[in-house]
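Below, each chain spelled out in residue letters.
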Amino acid sequence: MKTTRLAESAHLFSGSGVTTRLRDGRSVTIRAASPRDAGDVSAMHVRCSTETVRHRYHSVPSMTGRFLSQLLGTDIALIAEAPNRAIVALANLGRDDGDAGELAVVVEDRWQRAGLGSMMLDHLVSMARLVGYREVYTVGLPGNRWFCETLARHGRTRLERSDSYDAMRLSLRPPLARFPEELGATAAA
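For the structure given in this document, a descriptive report is provided here. If you're wondering where the values come from, they're calculated on a predicted model, not measured in any experiment. (Residues numbered from 1 in each chain as written. Predicted model: local features only at pLDDT ≥ 70, side-chain atom pairs only at ≥ 80, totals over all residues. Heavy atoms only, no water.)

**A word on unusual backbone geometry**
Even without glycine at this site, Arg85 takes up a positive phi of about 80°. Its place among the elements puts Arg85 in the loop between strand 3 (76-81) and strand 4 (87-95). (Helix = DSSP H or I, 4+ residues; strand = E, 2+ residues; numbered from the N terminus.)

**Focus: the sheet that holds strand 6 (residues 135-140)**
The pairing of strands in a sheet happens through backbone hydrogen bonds and is either parallel or antiparallel. The eight strands lie next to each other as 1-2-3-4-5-6-8-7, forming an open sheet whose pairing is mixed. Of all strands in the sheet, those bounded by a partner on one side alone are strand 1 (18-21) and strand 7 (157-161). Neighbour-to-neighbour, the strand axes of the sheet open up by a mean angle of 20°, direction not taken into account. Both strand 7 and strand 8 (residues 166-171) contribute to a ladder of five bridges, which runs antiparallel. Counterpart to Glu160 in the pairing with strand 8 is Ala167. Sitting on the sheet, helix 2 (residues 38-47) is in contact with strand 3, strand 4 and strand 5 (100-107), with an inclination near 110° to strand 4. (Pairing = 2+ DSSP bridges. Axes fitted to C-alpha atoms, helices over the stretch in contact; angles between N-to-C directions. Contact = heavy atoms within 4.5 Å.)

**Some thoughts on the environment of Val107**
Considering the arrangement of structural elements, one finds Val107 in strand 5. Taking the relative accessible area as the measure of exposure, Val107 reaches 9% and is therefore buried. Not counting residues up to four positions away in its chain, the partners in contact with Val107 are Cys48, Thr52, Val88, Ala89, Gln112, Leu116 and Gly117. (Buried < 20%, exposed > 50% of the residue type's maximum accessible area, 1.4 Å probe, protein only.)

**A word on the pairing of strand 3**
Counting buried residues along strand 3, six of its six residues qualify, which places the element largely inside the surrounding structure. The alternating pattern of strand 3 places Ile76, Leu78 and Ala80 on one face and Ala77, Ile79 and Glu81 on the opposite face, and all of these are buried. Relative to strand 3, strand 2 (residues 27-32) runs antiparallel, the two sharing four bridges. Within the sheet, the bridge partner assigned to Arg31 lies in strand 3 and is Ile79. As judged from the six bridges shared by strand 3 and strand 4, these two strands associate in the antiparallel manner. Considered in strand 4, the bridge of Leu78 is made with Ala91. From the end of strand 3 to the start of strand 4, which pair antiparallel, there are five residues, and Arg85 there has a positive phi angle of about 80°.

**Some thoughts on the side chain of Glu135**
Looking at where Glu135 falls in the secondary structure, it is placed in strand 6. What makes Glu135 buried here is its relative accessible area of 16%. Polar contacts involving the side chain of Glu135 include one to the side chain of Arg169, which spans 2.9 Å. If we skip the residues at most four places from it in the chain, Glu135 touches Asp99, Ala100, Gly101, Arg158, Arg169, Leu170, Ser171 and Leu172. (Polar contact = N/O pair within 3.5 Å; in protein donor to acceptor, adjacent residues only side chain to side chain.)

In structure tokens form, the structure reads like this:
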């Protein structure tokens, strides 16, 4: 049976990774991040260009222990590992007020344009649905179309613009009443 993205995303909650092939043929393992990844996440940021870091954080923050703890301590934090075990991407979903949460992704420059960021954002959206988020959003610098286009694949979105940022919001369907068969759960009557 073919595994669906929803099933793969649900599998990530177990702590196991999902190995996948990117458009350019390289493979990565996507898994839940943990505090022990802090040094490798910091090293990934060092390998990123200033532009990549600025697009993710809207500034160039210092990778202090406190900042890394915040990144790895969001509701959901995923990392992508290359075959050599280097962390090459980080994706976060942090709960806001109530049922809303902010999505964010940073991909090391050499790993961009291969579908990795989109794949990680897709996992975050699926995981948000599974745990009951009603809305997710991204905040980006004006003109950063990637987040807008990627998030729009998941449903009807709403763009909010200001002089300093664009926010793209996606309303999510209510949480699943029962898990699909492919997740292995039995349906309650």
